[in-house]
Amino acid sequence: NASSGALTATSGNLILSGTISGSGGATGTFTVNTNAGTITFANNSIGSGTAIGALTVSGAGATIGGTLNVNGNTTTFNSPVTLAADTTITDVGGIVFGSTINGAYSLTLNSDGSALGADPAITLAGNIGSTTPLTALVLNASDVTATIYNNINVTAGININVGNFTLTTGDWIQSGTLGAMNVTG
């Protein structure tokens, strides 16, 4: 448990296993950086007991799967992300993926900016499913602006339930034969 902290590996890869929880009001930021290595969250439930204040992940790549609960600032993945299991990220603040997202699993992003009195954002800046298509992409957000900037490849469907939505894509949006793209907002 930590109210804030940083974990940096100057070389090599970093594997975090087990539960990572905040303490008290969970107002601090948990930063993970490998410089040139990769980060793997193995069998993690991040912030499931007590949400952490914010999460920032940087490095050559990050592997995630499971549940991540963040309590009010922003969840940021600056690294390319590979999904290792169905993944749900919940944050009352913003959720930012600054690079690609790949993996044959579903990704659900939940954000509720009304708790902050601000207008946080869900931002997906890199290609989604360009190497390995996601099975599903779900964005659930109230009082939040969601923006997707690049190509999307999802096999079973895309559901976007947000207050404001901007889609600025690259060359293609592909949703598999069983899927559909539903936008509510």
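Residues numbered from 1 in each chain as written. Predicted model: local features only at pLDDT ≥ 70, side-chain atom pairs only at ≥ 80, totals over all residues. Heavy atoms only, no water.

Caption draft 1: View of the confidence of the model for the chain. Averaged over the chain, the pLDDT score is 77; the fraction of residues at 70 or greater is 74%. Here strand 18 (residues 173-175) stands out as the least confident element of the chain, with mean pLDDT 60; strand 10 (residues 101-102) is the most confident, with 96. (pLDDT = per-residue confidence, 0-100. Helix = DSSP H or I, 4+ residues; strand = E, 2+ residues; numbered from the N terminus.)

Caption draft 2: Spotlight on the packing of aromatic side chains. Throughout the structure, instances matching the rule amount to 1 aromatic pair. Between F77 and F97 the ring centres are 5.1 Å apart and the planes differ by 10°, which places this aromatic pair in the stacked class. Linking F77 in strand 7 (residues 74-77) with F97 in strand 9 (residues 94-97), this pair joins segments that are 20 residues apart in sequence. Judged by relative accessible area, F77 falls into the buried class, the value being 0%. Its relative accessible area of 1% is what places F97 among the buried residues. (Phe/Tyr/Trp six-rings, centres within 6.5 Å; stacked < 30°, edge-to-face > 60°. Buried < 20%, exposed > 50% of the residue type's maximum accessible area, 1.4 Å probe, protein only.)

Caption draft 3: Fine view of the pairing of strand 3 (residues 29-33). Covered by surrounding structure in strand 3 are F30 and V32 only, the residues T29, T31 and N33 on the alternate face being uncovered. Pairing of strand 3 with strand 5 (residues 54-58), which is carried by 5 bridges, proceeds in the parallel orientation. Directly across from V32, in strand 5, lies its bridge partner V57. (Pairing = 2+ DSSP bridges.)

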